[in-house]
Amino acid sequence: MADTVNSLAARVHELLVAHLADSAAAAAPPRQDFLSSLANGLFGVPLRVDVAAGLQDVIARATALGPAATWLVAAGHSGLAGLALTRGEAEPFLFHLDAAVTAGYTDCVALHAGPVLPMHQDPRFRALYQRIRLTEADLDEFFWLHGEMRAAVRDAQDATVDNIDRLDTGVSLLPQTPLPTREPDTAGVLITRIDLAAAQTALQQAAVKAEFGRSSGNTALSLIDDTWDYSRARRDAWHADGLDTRRRRHAEARAFTERPGAGTVLLPGPPLGSFTYPA
């Protein structure tokens, strides 16, 4: 089947989900991204996908597609830069970040995340950062996308705690805030949208696995144990439905809204270190 922009974007999403699962299942390296760290207690058996080889393949295929897929070249290189960063490899990180910025990477917010901060003192990194150009409207969305990643992790953590002792056999899914639909001014925004979608997918997969495990365990116990507390199970189901509704409404309320008057003229990114990563 011939490659398309959509098929390669789907492949990037798939690889990022695999990376999150592998990072969480394996012994976590000391310098990893926050999603991998927080996912450490959520994921099960690793997929053992060669993410680096997959991203290199995406770069080659996207290059062959031409200008319409250049942002996917940037996505591949930014992903490889992230992998290098988790291993503490500064030179490959800078090499792939250079290639990503050249191909249209514009996420200056990601470059303020904790694992990247030690690189701020490197003059080569500072020179790369100064090449980024984006609009106020895109910057607004970048802040929202990264804030929503954190919110998705918090939702997953809260749901895990809330569901631990449930006796009912229902299954609760995590709510997912819809991705923005605005036409971005720089294609680099599309990369971070995939990052958020991958985080949502990975967290949802972890939640489904845990929920089906709990539900099937409760089902088995209800069939063999005459002391099963059916009244409490019904109450737990009712309480869980209420929590699910509340989480869904909160997620819907977090949907991205464009700021009136946000500029659409390309400008340099905010000065390096002038803001902190969304908490």
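> Is there a simple way to explain the side chain of Thr135 in this structure?
Mapped onto the fold, Thr135 is located in the loop between β1 (133–134) and α7 (136–163). For Thr135, the side chain forms a polar contact with the side chain of Asp185, separated by 2.7 Å. When residues no more than four places from it in sequence are discounted, the contact partners of Thr135 are Asp185, Gly263, Thr264, Val265 and Leu266.

> What is the right way to look at the packing of helix α4 (residues 70–86) against helix α5 (residues 90–102) in this model?
Viewed as axis vectors pointing N to C, α4 and α5 meet at an angle of 165°, and their least axial separation amounts to 8 Å. In terms of their interaxial angle, α4 and α5 are classed as roughly antiparallel. Regarding α4 and α5, the two cross each other, and that crossing is left-handed. Facing α4, whose interface residues are Ala74, His77, Ser78, Leu80, Ala81, Ala84 and Leu85, α5 presents Pro92, Phe93, His96, Leu97, Ala99 and Ala100. Tallied by class, residues from the contact of α4 with α5 come to 10 nonpolar, 3 polar and no charged.

> Help me understand the packing of aromatic side chains, please; the structure alone is not making it clear to me.
For any pair of aromatic rings, the description rests on two quantities: the centre-to-centre distance and the angle between the ring planes. Following the criterion strictly, the structure yields 3 aromatic pairs and no others. Where Phe93 meets Phe125, the ring centres are 6.3 Å apart and the plane angle is 20°; that geometry is what we call stacked. Taken together, the residues span a long stretch of sequence, with Phe93 in helix α5 and Phe125 in helix α6 (residues 123–130) at a distance of 32 residues. Phe125 matches Phe93 in its accessibility class, with the two residues each being buried.

> I would appreciate a short explanation of a nonpolar patch on the surface in the present structure.
Together, Val171, Leu173 and Phe212 make up an exposed nonpolar region whose accessible area comes to about 280 Å². Structurally, Val171 is set in the loop between α7 and α8 (188–224). Take Val171: its relative accessible area is 33%, and that puts it in the partly exposed class.

> Mind showing me how you'd approach the nonpolar core here?
As a rule of thumb, nonpolar side chains are buried together in soluble globular proteins. Residues Leu72, Phe93, Leu97, Tyr105, Leu111 and Phe125 are the most contacted members of the largest nonpolar core, which totals 58 residues. Going through the elements one at a time, α1 (5–25), α3 (51–65), α4, α5, α6, α7 and α8 are the ones with two or more residues in this core. If you tally residues by element for this core, the top one is α4, at 10 residues. Every residue in contact with Leu111, bar those within four places of it in the chain, is listed here: Leu97, Tyr105, Val116, His120, Phe125, Tyr129 and Ile132. Membership of the second largest hydrophobic core comes to 7 residues, among which are Ala156, Leu174, Leu203 and Ala207.

> Where do I start with the pattern of salt bridges in this structure?
A side chain with one charge may pair with a side chain of the opposite charge, provided their charged atoms come close. This structure, assessed with the given rule, holds 22 salt bridges. Between Asp98 and Arg131 there is a salt bridge, and its shortest N-O distance comes to 2.8 Å. Separated by 33 residues along the polypeptide, Asp98 in helix α5 and Arg131 in the loop between α6 and β1 bring together distant segments of the chain. Taking relative accessible area as the criterion, Arg131 reaches 38% and is therefore assigned partly exposed. Its salt-bridge partner being Arg254, residue Glu148 comes within 2.8 Å of it at the nearest N-O pair. Of the two residues, Glu148 is situated in helix α7 and Arg254 in the loop between α9 (230–253) and β2 (267–268); the sequence distance between them amounts to 106 residues. The exposure class of Glu148 is buried, given its relative accessible area of 3%. Each of Asp138, Glu141, Arg182, Asp185, Arg193 and Glu258 takes part in a single network of salt bridges with overlapping partners.

> What should I look at first to understand the packing of α3 against α4 in this one?
Each pair of packed helices can be described by the angle between their axes along with the distance between the axes. The interhelical angle for the contact between α3 and α4, taken along N-to-C directions, is 160°, at an axis separation of 8 Å. If you check the angle between α3 and α4, you find them roughly antiparallel. For the element pair α3 and α4, the recorded crossing hand is left-handed. Contacts between α3 and α4 involve Val51, Ala52, Leu55, Gln56, Val58, Ile59, Ala62 and Thr63 on the former and, on the latter, Leu72, Val73, Gly76, His77, Gly79, Leu80 and Leu83.

Quick notes on the rules
- Throughout this document, residue positions are counted from 1 along each chain, in the order its sequence is written.
- Given that the model is predicted, a residue must reach a pLDDT of at least 70 before its local features are reported, and side-chain atom pairs must reach 80 or more before they are shown or counted; all residues, however, enter totals for whole chains, interfaces and linings.
- Computation of side-chain values covers all heavy atoms of the structure but excludes hydrogens and water.
- In DSSP terms, a helix is any run of H or I states spanning at least four residues, a strand is any run of E spanning at least two, and both are numbered starting from the N terminus.
- Contacts described as polar in this section are N or O atom pairs within 3.5 Å, which, within protein, must combine one atom able to donate a hydrogen with one able to accept it, while residues neighboring in sequence count only if both atoms come from side chains.
- Contacts were defined at the residue level, with two residues in contact if any of their heavy atoms lie within 4.5 Å.
- Here the axes come from fitting lines to C-alpha atoms, over the contacting stretch only for helices, and the angles between their N-to-C directions go from 0 to 180 degrees.
- Comment on the angle field: the value is read as roughly parallel under 35 degrees, roughly antiparallel over 145, roughly perpendicular from 65 to 115, and oblique elsewhere.
- Crossing handedness is read from the near helix: turned anticlockwise from the far helix by less than a right angle, it gives a left-handed crossing, and turned clockwise, a right-handed one.
- Each residue gets one of three labels, nonpolar for Ala, Val, Leu, Ile, Met, Phe, Trp, Tyr, Cys and Pro, charged for Asp, Glu, Lys and Arg, and polar for the others, Gly among them.
- Any two of the Phe, Tyr and Trp rings considered here, Trp counted by its six-membered ring, make a pair once their centres fall within 6.5 Å; the pair's planes then place it as stacked at under 30 degrees, edge-to-face at over 60, or tilted in between.
- Exposed residues in this analysis have more than 50% of their type's maximum accessible area, buried residues have under 20%, and partly exposed residues fall in between, with area computed by a 1.4 Å probe over protein chains only.
- The patches reported here contain residues having more than 30% relative accessible area and no salt bridge. Joining distances are 9 Å for like charges and 5 Å for nonpolar side chains (Val, Leu, Ile, Met, Phe, Trp, Tyr).
- The protein chains shown are the only cover counted for residues, whose accessible areas, like all others here, come from Shrake-Rupley with a 1.4 Å probe.
- Salt bridges are counted wherever a side-chain nitrogen of Lys or Arg sits within 4 Å of a carboxyl oxygen of Asp or Glu.
- To define a nonpolar core, start from buried Ala, Val, Leu, Ile, Met, Phe, Trp, Tyr and Cys residues and group those joined through side-chain atoms within 4.5 Å.

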